[in-house]
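Observations on the three-dimensional arrangement
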Amino acid sequence: MSPKVILLFSGKRKCGKDFVTDHLKEKLDGLCEVIKISQPIKSHWAKEKNLSLKDLLSDGEYKELFRLELIKWSEEMRDKDYGYFCRAACQNAADKPVWIVSDIRRKTDIKWFKESYGECSSLKTIRLTADLETRKQRGYKFASGIDDAASECDLDDFNEWDLVINNGKERDTLEKQLNSIMTLLPTL
């Protein structure tokens, strides 16, 4: 069964994607499933390298130790099948009216969701932005090969966002941000 609406979230590292989507999940109170495209990437990597999946999925420094290797390997997989990780992430998703995909990174991610669910679900794209100073306060440090790679830059020139939320210095309150997202949802 397909969800009624799929919210596709994108944004640079340390812009607050997980923070906003975690709070949106709380607000939707059982009506949604959070899907992370990075989950199958990190799950495979944890098994292959005998690493902690919990720590790879966290927002801490642990995953930063492996980020470059994860990106390289996932790019190789995407070159063979651009929908591989999207499909894997959705494979066991709960049957909920709303899916929140918290980490869309590429135009091909959006393409895959349109091709796979566009007929039966409402797709909404949401871009979170934050100024560099705010991102640095959250722990961002530029890393060559990561922050200039497709995983961070492919959507920089995408202009078809249904909603853009400033999550930096001049940001609205979290409640206002969540309410702006809620306007994208049909009556559930």
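Scoring rules and cut-offs
- Here the residue index of a chain counts from 1 through its sequence in written order.
- The predicted nature of this model means local features are confined to residues of pLDDT at least 70 and side-chain atom pairs, given and counted, to a pLDDT of 80 or more, with totals for whole chains, interfaces and linings taken over all residues.
- Side-chain descriptors were evaluated using all non-hydrogen atoms of the structure, hydrogens and water having been removed beforehand.
- UniProt positions are given in the numbering used here, feature names are shortened, and annotations may be inferred rather than shown by experiment.
- We count a stretch as a helix when DSSP gives it H or I for four or more residues in a row; a strand needs E for two or more, and each element gets its number in order from the N terminus.
- For every residue, the accessible area (1.4 Å probe, protein chains only) is compared with the maximum for its type, and the residue is labelled buried under 20%, exposed over 50%, or partly exposed between those bounds.
- Residue contacts follow a heavy-atom distance rule, with two residues in contact if any of their heavy atoms lie within 4.5 Å.
- Under the rule applied, a polar contact is a pair of N or O atoms within 3.5 Å (in protein, one hydrogen donor and one hydrogen acceptor; residues adjacent in sequence only if both atoms are side-chain atoms).
- One less than the residue count of a helix, multiplied by 1.5 Å, gives the span that helix is expected to have.
- Summarising the geometry, the arc corresponds to the directions from the helix axis toward the C-beta atoms.
- Working definition: a ring pair exists when centres of Phe, Tyr or Trp rings (six-membered ring for Trp) sit within 6.5 Å. Plane angles under 30 degrees give stacked, over 60 give edge-to-face, the rest tilted.
- By definition here, charges over rings are those cases where NZ of Lys or CZ of Arg is within 6 Å of the ring centre and within 35 degrees of the ring normal.

Looking at an unreviewed UniProt entry, one finds the protein named Phosphomevalonate kinase and attributed to Danaus plexippus plexippus. As stated in UniProt under Subcellular location (unreviewed entry), the record for the protein gives "Cytoplasm, Cytosol". If you open the UniProt record of the protein and go to Pathway (unreviewed entry), you find "Isoprenoid biosynthesis; isopentenyl diphosphate biosynthesis via mevalonate pathway; isopentenyl diphosphate from (R)-mevalonate: step 2/3."

A separate point is the environment of D162. Among the secondary structure elements, D162 is positioned in the loop between α9 (150-153) and β5 (163-166). Taking relative accessible area as the criterion, D162 reaches 39% and is therefore assigned partly exposed. Residues D162 and E152 lie 10 residues apart in sequence; the distance between their C-alpha atoms is 20 Å. With near-sequence residues (within four places) excluded, D162 lies in contact with L123, K124, T125 and L184. A polar side-chain atom of D162 sits 2.7 Å from the main-chain amide nitrogen of T125.

This paragraph deals with helix α2 (residues 38-49). When the terminal C-alpha atoms of α2 are compared, their 16 Å separation across 12 residues agrees well with the 16 Å that a helix rising 1.5 Å per residue should span. Those residues of α2 not exposed but buried are S38, P40, I41, K42, S43, W45 and A46. Buried residues along α2 sit in contact with α3 (53-57), α4 (61-64), α5 (67-80) and α6 (84-90). Directly beyond the C-terminal end of α2, a positive phi value near 55° is found at N50.

Next up on the list: helix α7 (residues 107-117). Every buried residue of α7 is accounted for by D109, I110, W112, F113 and Y117. With its buried residues spanning 160° around the axis, α7 presents them on a single face. Packing partners of the buried residues in α7 comprise β1 (5-11), α5, α6, β3 (98-101) and β4 (122-129).

All right, on to the packing of aromatic side chains then. Under the counting rule described, the total for this entry stands at 9 aromatic pairs. Look at F158 and W161: their rings are 4.8 Å apart centre to centre, the planes differ by 75°, and that puts the pair in the edge-to-face class. Residue F158 is classed as buried on the basis of its relative accessible area of 12%. Residue placement shows R135 over the ring face of Y140; its charged tip is 4.1 Å from the ring centre.

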